[in-house]
Amino acid sequence: MKNIAICYSEHAIKVSDSYCSGPSNQAYNSSRSTSSTQTAVTSIYKVKLSNEKQFLIRVSWCNQAFSVCVSDYPFSNTKLSRNFKTLRRQRGSENFESGGVRADVFWDLRRARYDSGPEPVAGYYVAVLVNSELSLMLGDMEQELLEVKQCISDIRVAEYSLIWRGERFSGDGEYSTRAKFSEAGACHDILIKFCGEDGTIPFLSVCVDKKSVIEVKRLQWNFRGNQSIFLDGLLIDLMWDVHDWLFNPNSGNAVFLFRTRRGLDSRLWLEHNNFDQQKLPFSFLIFACKNPD
């Protein structure tokens, strides 16, 4: 299997975690599995302006702040980025410009509501304009977003879609989240768990909506692999690489990647090598560190 950590390292999200396992030449540490806490969320959107120019917008949430980064698409070294400390300015607007590209950001988090993580779930909005086109709208404050539109004359609305999402957690032995693999699909509960008590051989389990979809036994031999699952009529590849997490306990990490395929007859790596840039698959990447940074 190809090294998925290398393939996606530019946008990797670290998950601080501890491994729950049994003995094998002292490669593992045993502990009880407990739920993790979400500490950071990053989403990447592909944007297409009215002049066919394309950009990537990355929005990250961490420590009561969020950041926005705009970069050319396909990938290039041209990037505009800005961090916003929401504790100081829960409502505001800023702009930044470079290389003929201008980004304007408007936000209101005064009444934002949160669950357990840093990303708001309701009562907020974030709007990003690229070259005076409304390129991204997040949140549920429709009236306030309308006021933003009215402040800008002849505003145009660009096309945008979510192509990548990553989440960072800290905790022991268990990672749980929700993911939506298509705009028309439902949100699914996902649980990735390392199981095993003292003296037993650990294994990896993945559940979707409380139903087991993958159980990987004898991880000391099956530390890399991939398996396909079906959700909402989509073929989704789940790839894992836990070699370093198992055998390098001081600095090890594990990588998990969920990625949609465009059709039932497509092949995983053939599709990877022949990317259609107009029809990018959706990727959900977890980069898990055994020891917190």
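Remember, predicted model here, so these are calculated numbers, not experimental data.

Enquirer: Would you take a moment to explain unusual backbone geometry for this structure?
Expert: Backbone geometry places asparagine 131, a non-glycine residue, at a positive phi of 50 degrees. Assignment of secondary structure puts asparagine 131 in the loop between strand E10 (125-130) and strand E11 (133-139). The phi torsion at lysine 210 lies on the positive side, around 70 degrees, for a residue other than glycine. The residue lysine 210 is located in the loop between strand E16 (203-208) and strand E17 (211-216) in this model.

Enquirer: How do you make sense of the packing of aromatic side chains when you look at a structure like this?
Expert: A ring pair, where both rings are aromatic, is described by two values, the distance of the centres and the angle of the planes. Throughout the structure, instances matching the rule amount to eight aromatic pairs. Aromatic pair tyrosine 45 and tyrosine 160: ring centres 6.3 Å apart, planes at 75 degrees, arrangement edge-to-face. On the criterion of sequence distance, the pair formed by tyrosine 45 in strand E2 (residues 37-48) and tyrosine 160 in strand E13 (residues 159-170) is long-range, its members being 115 residues apart. What makes tyrosine 45 buried here is its relative accessible area of 10%. The class of tyrosine 160 is partly exposed, set by a relative accessible area of 31%. With a centroid separation of 5.1 Å and 35 degrees between ring planes, the pair formed by tryptophan 61 and phenylalanine 66 is classed as tilted.

Enquirer: So what exactly am I meant to see when it comes to the pairing of E10 here?
Expert: For a regular strand, side chains alternate in direction, first toward one face of the sheet and then toward the other. Counting buried residues in E10 gives six out of six residues, a clear majority hidden from the surface. Going residue by residue along E10, you find Tyr125, Ala127 and Leu129 tucked away on one face and Val126, Val128 and Val130 tucked away on the opposite face as well. Here six bridges tie strand E7 (residues 101-108) to E10, and the two strands are oriented antiparallel to one another. Residue phenylalanine 106 lies in a different strand from E10, and its bridge partner there is alanine 127. Here E10 runs beside E11; their pairing, made up of six bridges, is antiparallel. Counted as the bridge partner of valine 128 is leucine 136 from E11.

Definitions and limits used
Residues numbered from 1 in each chain as written. Predicted model: local features only at pLDDT ≥ 70, side-chain atom pairs only at ≥ 80, totals over all residues. Heavy atoms only, no water. Helix = DSSP H or I, 4+ residues; strand = E, 2+ residues; numbered from the N terminus. Phe/Tyr/Trp six-rings, centres within 6.5 Å; stacked < 30°, edge-to-face > 60°. Buried < 20%, exposed > 50% of the residue type's maximum accessible area, 1.4 Å probe, protein only. Pairing = 2+ DSSP bridges.

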